[in-house]
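# Structural features, examined
The lines below spell out each chain.
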Amino acid sequence: MAIVAIGIAMTMVSPFFFQAGNFLNVARAVAITGIVAAVSTPMLISGNVDLSVAATMGLSGMTAGALLVQELPVPVAILGALVVGLLMGFVNGVIVVKFRVNSLIATIGTAFIARGVAFVINSGRSVFIPAESYVNLGQGSALGIPKPVFYTVVAFAVIGFVMRYTKVGAHIYAVGSSPEAARRAGISVPKITWGVFLASGFFSALAGVVLTSQAGSAFPYGGQGRELEIIAAVIVGGTALTGGRGSITGTILGVVLLGIIANSLNLMGLPAPYQDISRGLLLVAAVATDQISGRTLGGRGVFRGLRAGTEEA
């Protein structure tokens, strides 16, 4: 409803809004956010949160750039970036599962580490990407559609299939709803938790590859600040911070809504800070609506570790 309302309003404000070129611009702008938002949906549904996704994007991008500068093949550079993403997911999983650290705190810590390592790789300097085939991954198009849009569609399709048609998806919902009940039902909560973190690291690294290929260079601060935009899109799409509830369809709409708002503000010539204000207001409104509807942010989800023992008691 919000998307339709904004669309109607923008047709009265700007004649450029409903042009095909503008829609392609919106799709290109939200592609990277969409890739990570897709995997952040099961992450939040499972009752966890990953705030290291943006730092993983920057570290993976720098890894790919450093390998390409050494004149290694493009597939090797991409593989190296993806391995770094999986390593980040593994480390996050170890901290959360083995050491029982709340995922919010754990991933804030690993985000600082990853960002620091990204700066160390090339002494804080950006890396120019010399491989044209790599750059084409982000700047090229197919059938008149930017290639990053196809990657986003694939990401949503894969995650959507897993969440709706597999036992893993059902187990993620179960763990997010009640870890103890899921454990008694024979579901391995540690495996599910580890799995969502590995997937988060992988897709974040993929987004990092797309980001650097779009820019034609890798930079240690790549993706900085996107983690909040990604989480905002997922929550606005209806996924609960408490875990156990959400859908890929809702996340798609959340990503589109944030993209249209940013595009509309650009067409109206408003400064970039107004985009941050709009995202903040939209996020607060979404959570407030969730609260008013009778669902509280109690002792589950990302707050589970911070309020350890309350629900069990």
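## Focus on the overall build of the protein
Scanning the protein from terminus to terminus reveals 13 helices and four strands. Since a compact globule built from 313 residues should have a radius of gyration of about 20 Å, the 19 Å found for the protein is in line with a globular shape. Its C-alpha atoms give the protein principal-axis dimensions of roughly 55 × 50 × 35 Å. Among the 313 residues that make up the protein, the fraction classed as buried is 48%. Summarising the internal contacts of the protein: among those between residues at least 6 apart in sequence, 77% fall at separations of at least 24. Of the accessible surface of the protein, which amounts to about 14,600 Å², a share of 68% is contributed by carbon and sulfur atoms.

## Things to note about the packing of aromatic side chains
Aromatic ring pairs are reported here in terms of the distance separating the ring centres and the angle at which the planes meet. As enumerated under the stated definition, the model contains seven aromatic pairs in all. Consider the rings of Phe18 and Phe23, whose centres lie 5.6 Å apart with planes at 85°: the pair is edge-to-face. For Phe18, a relative accessible area of 53% puts it in the exposed group. Seen in terms of ring centroids, Phe219 and Tyr221 are 5.2 Å apart; in terms of plane orientation they differ by 35°. Their pairing is tilted. Owing to a relative accessible area of 15%, Phe219 belongs among the buried residues under this scheme. With a relative accessible area of 44%, Tyr221 lands in the partly exposed category. One aromatic cluster in this structure is built from Phe17, Phe18 and Phe23.

## Some thoughts on the confidence of the model for the protein
Here the protein shows a mean pLDDT of 90. Residues at 70 or above account for 93%. For the protein, the element scoring lowest by mean pLDDT is helix 13 (residues 273-292), at 79; helix 4 (residues 74-98) scores highest, at 98. Segment residues 303-313 is flagged for pLDDT under 50; beyond a separation of four residues in sequence, or across chains, it makes 18 contacts in the model.

## Let's talk about the layout of surface pockets
Reported here for the second largest pocket is a volume of approximately 330 Å³. In terms of lining residues, the second largest pocket is bounded by 17 residues, among which Ala29, Glu229, Ala262, Gln275 and Arg279 are the most central. Elements represented by at least two residues in the lining of the second largest pocket include exactly helix 2 (20-45), helix 11 (226-236), helix 12 (248-267) and helix 13. Among the elements that line the lining of the second largest pocket, the one with the most residues is helix 12, at six residues.

## Brief notes about the pattern of salt bridges
Scanning the entire structure with this criterion turns up two salt bridges. Of the charged contacts in the structure, one is a salt bridge between Glu180 and Arg183, with a shortest N-O distance of 2.7 Å. In this pair, Glu180 and Arg183 both sit in helix 9 (residues 179-184), three residues apart, roughly one turn of the helix. The exposure class of Glu180 is partly exposed, given its relative accessible area of 31%. Given the relative accessible area of 44%, Arg183 is considered partly exposed.

## Observations regarding the environment of Leu87
As for its position among the elements, Leu87 is in helix 4. Judged by its relative accessible area of 51%, Leu87 falls in the exposed class. Along the chain, Leu87 and Phe202 lie 115 residues apart, while their C-alpha atoms are 8.7 Å from each other.

## Brief notes about empty space enclosed by the protein
According to the stated counting rule, one finds two cavities of 30 Å³ or more in the structure shown. In terms of lining, the largest cavity is formed by Val39, Ser40, Met43, Leu44, Asn48, Val49, Asp50, Val53, Ser200 and Ile231. Ranked by residues supplied to the lining of the largest cavity, first place goes to helix 2 with four residues. Looking at side-chain class alone, the lining of the largest cavity contains six nonpolar, three polar and one charged residues. Here the second largest cavity is characterised by a volume of approximately 30 Å³. Every residue lining the second largest cavity is listed: Met57, Gly58, Gly61, Met62, Gly208, Leu211, Thr212, Phe219 and Gly222.

## Details of the environment of Ala29
Examined against the element boundaries, Ala29 turns out to sit in helix 2. Ala29 gets classed as exposed once you look at its relative accessible area, which sits at 51%. The spacing of Ala29 and Pro148 is 119 residues in sequence and 9.3 Å in space, taken between C-alpha atoms.

Rules behind the numbers
- Residues numbered from 1 in each chain as written.
- Predicted model: local features only at pLDDT ≥ 70, side-chain atom pairs only at ≥ 80, totals over all residues.
- Heavy atoms only, no water.
- Helix = DSSP H or I, 4+ residues; strand = E, 2+ residues; numbered from the N terminus.
- Rg over C-alpha atoms; globule rule 2.2 N^0.38 Å.
- Buried < 20%, exposed > 50% of the residue type's maximum accessible area, 1.4 Å probe, protein only.
- Contact = heavy atoms within 4.5 Å.
- Areas by Shrake-Rupley, 256 points an atom, 1.4 Å probe, with all protein chains shown as cover.
- Phe/Tyr/Trp six-rings, centres within 6.5 Å; stacked < 30°, edge-to-face > 60°.
- pLDDT = per-residue confidence, 0-100.
- 1 Å grid on protein atoms, 1.4 Å probe; cavity = no way out; pocket = protein on both sides within 12 Å on 5 of 7 lines; lining within 4 Å.
- Points joined across faces, edges and corners; volume = space filled by probe spheres on them.
- Salt bridge = Lys/Arg side-chain N within 4 Å of Asp/Glu carboxyl O.
- Nonpolar A, V, L, I, M, F, W, Y, C, P; charged D, E, K, R; others polar.

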